Amino acid sequence: MKIQLLFFCVLPLFLSCTKTEEQAVEPEEFLKDHATFPVGAAIDYGLLKDNSQYRNVLRREHTSITAENAMKWNSTHPQQDVYNFKDADYIVEFAQSQGQRIHGHTLLWYQFQNISWVKNFQGDSAAWEQLLKNHIQTLVGHFKGKVSSWDVVNEAFRDDDGSLRVLDKDPGTFDDGCLFARKVGRDYIARSFRYAHEADPDALLFYNEYGQEWSSKKIQSILTMVADFKNRGVPIHGLGIQMHIDINTLNTGIENAIRQLAATGLKIHISELDIRVNPNNSSTFAYTDALQSAQAEKFKFVVKTYRSLVPASQQFGITTWNVSDNDSWIISYLKKIDYPLLFNSSYQKKKSYAGFLQGLKE
Ligand code: G3I
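A. Focus on the packing of aromatic side chains. Overall, the coordinates contain 20 aromatic pairs when judged by the stated rule. Geometrically, the ring pair formed by Tyr110 and Phe174 is edge-to-face, given 6.2 Å between the ring centres and 70 degrees between the ring planes. Placement of Tyr110 in the loop between strand 3 (101-109) and helix 7 (116-119) and of Phe174 in the loop between strand 4 (149-154) and helix 9 (179-183) is noted, with a sequence separation of 64 residues between them. When its relative accessible area of 45% is taken as the criterion, Phe174 is described as partly exposed.

B. Inspection of the confidence of the model for the protein chain at higher detail. For the protein chain, per-residue confidence averages 94 on the pLDDT scale, and 93% of positions sit at 70 or higher. Long-range and interchain partners of residues 5-21, a stretch whose pLDDT sits below 50, account for 3 contacts in this model, where long-range means more than four residues apart.

C. Up close: the site of the ligand. Inspection of the region around the ligand gives 14 residues, with Glu68, Lys72, His105, Glu155 and Glu272 positioned closest. In the model, an oxygen atom of the ligand is placed 2.7 Å from a nitrogen or oxygen of the His105 side chain. A distance of 2.9 Å is found between an oxygen atom of the ligand and a side-chain nitrogen or oxygen belonging to Trp321. Looking at the shell around the ligand residue by residue, the class counts come to 5 nonpolar, 5 polar and 4 charged.

D. Just the packing of helix 12 (residues 251-262) against helix 13 (residues 289-309), in detail. Where helix 12 contacts helix 13, the two axes come as close as 10 Å, and the packing angle between them is 25 degrees. Viewed along their axes, helix 12 and helix 13 adopt a mutual orientation that is roughly parallel. In the packing of helix 12 onto helix 13, the handedness of the crossing is right-handed. Together, Asn251, Ile254, Glu255, Ile258, Arg259 and Ala262 of helix 12 and Lys298, Phe301, Val302, Thr305, Tyr306 and Leu309 of helix 13 make up the contact between the two elements.

E. Just the nonpolar core, in detail. Counting 101 residues, the largest nonpolar core has Trp150, Phe180, Tyr188, Phe193, Tyr207 and Phe356 as the members making the most contacts within it. By residue number, the principal contributor to this core is helix 10 (residues 188-199), which donates 7 residues.

F. Broad picture of helix 11 (residues 216-232). Here helix 11 is 17 residues long and its end C-alpha atoms lie 24 Å apart, about the 24 Å a rise of 1.5 Å per residue gives. Turning to helix 11, its buried residues number three or more, namely Lys218, Ile219, Ser221, Ile222, Leu223, Met225, Val226 and Phe229. Packed against the buried residues of helix 11 are helix 10, strand 5 (204-209), strand 6 (238-241) and helix 12. Positive backbone phi, approximately 75 degrees, marks Gly233, located one or two places after helix 11.

G. Here's a closer look at helix 12. For helix 12, spanning 12 residues, the distance from its first C-alpha to its last is 16 Å, which sits close to the expected 16 Å at 1.5 Å a residue. Gly253, Ile254, Ala257, Ile258, Leu261 and Ala262 are the residues of helix 12 that are buried. Buried residues of helix 12, viewed axially, fall in a sector of 150 degrees; they line one side. Lining the buried residues of helix 12 we find helix 11, strand 6, strand 7 (244-246), strand 8 (267-276) and helix 13.

Reading the values: rules and limits
Residues numbered from 1 in each chain as written. Predicted model: local features only at pLDDT ≥ 70, side-chain atom pairs only at ≥ 80, totals over all residues. Heavy atoms only, no water. Phe/Tyr/Trp six-rings, centres within 6.5 Å; stacked < 30°, edge-to-face > 60°. Helix = DSSP H or I, 4+ residues; strand = E, 2+ residues; numbered from the N terminus. Buried < 20%, exposed > 50% of the residue type's maximum accessible area, 1.4 Å probe, protein only. pLDDT = per-residue confidence, 0-100. Contact = heavy atoms within 4.5 Å. Near = heavy atom within 4 Å. Polar contact = N/O pair within 3.5 Å; in protein donor to acceptor, adjacent residues only side chain to side chain. Nonpolar A, V, L, I, M, F, W, Y, C, P; charged D, E, K, R; others polar. Axes fitted to C-alpha atoms, helices over the stretch in contact; angles between N-to-C directions. Parallel < 35°, antiparallel > 145°, perpendicular 65-115°, else oblique. Left-handed = near helix turned anticlockwise from the far one by under 90°. Core = buried A, V, L, I, M, F, W, Y, C linked by side-chain atoms within 4.5 Å. Expected span 1.5 Å × (residues − 1). Arc of directions from axis to C-beta.

Printed below as a string of structure tokens:
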């Protein structure tokens, strides 16, 4: 009798308790499940190949992929008659196997015409234009049907006065002008867009730039260029706002950039988002709770502002510039002490991830 009592009265009570506990466990959330637009990451070939944590995050969280470096001129076109698509093809195959969109970055960037065979190229302006056309059309042709959008030209305008990069300001050091602007002429941007469009009429073509959140002169130059392209029928479909910012970047600057560029009616891509917490590169920097929260707030602000100021039909997506803090160009390339992304070096979600997620949900 006692045993029967235990079975009928106590056991159901025990089971119902266990069930309640199970129900209390929140299912894990992922960015892509809460976004109404593509959420992207720039990815590095070496990490993708060798790091399973990296691949897992990309699979779980992202619906869009940009190759951080593998589609740039120096990676794909090391000699005049040699193209190399090995790394880029690997990235494309990964993204395709996950059903992710692939955004191409970048057909032309003044920094990567600085490789020696291009710098030493001899020819008149027609020969330079042919070189430009061949490069663009070989890349766009190679990835046709796989890469659905391209940053055609990257960073053509100067920081200080928003003027077109043409002449090298300080010859003998890094060429901060643009070789193709000098050799082909100032119309090289429009021509690049036309050549890309010829090679793949279905691809969406973007102009990509940094610093719009603090340089109204750059915004003005971009708006003037877009108006000119529209007048002349030059195909352009989108604008990339890189958004390499820090926790002190003014929210008004972010809003202003997004609002003004969205007013073109073109698609808007926050194309290289990262948020630095140690902009002065202090060597004694501590990534405190307060700084982590401030960074999370800034991520949330960017995402919410994008959602509220960019009409849905123009929301091309938000891409972070790589995945974990350790993978960021700010550490590997700029050699700074910083923590600018959504995942820590063990690929665990940070507060900044929660901020981004809230920005998608609120
Ligand atoms: O992988 C090689 C390695 O094998 C070699 O030993 C080492 C020695 O220099 O270089 C490594 O490659 C470096 C690569 O980053 C990977 O870390 C390149 O030198 C270095 O130039 C490259 O820097 C990239 C930079 O653009 C220049 O291409 C950064 O990763 C990349 O994040 C950065 O991205 C740019 C965007 O394209 C445009 N907007 C700004 C953004 C940040 O600068």
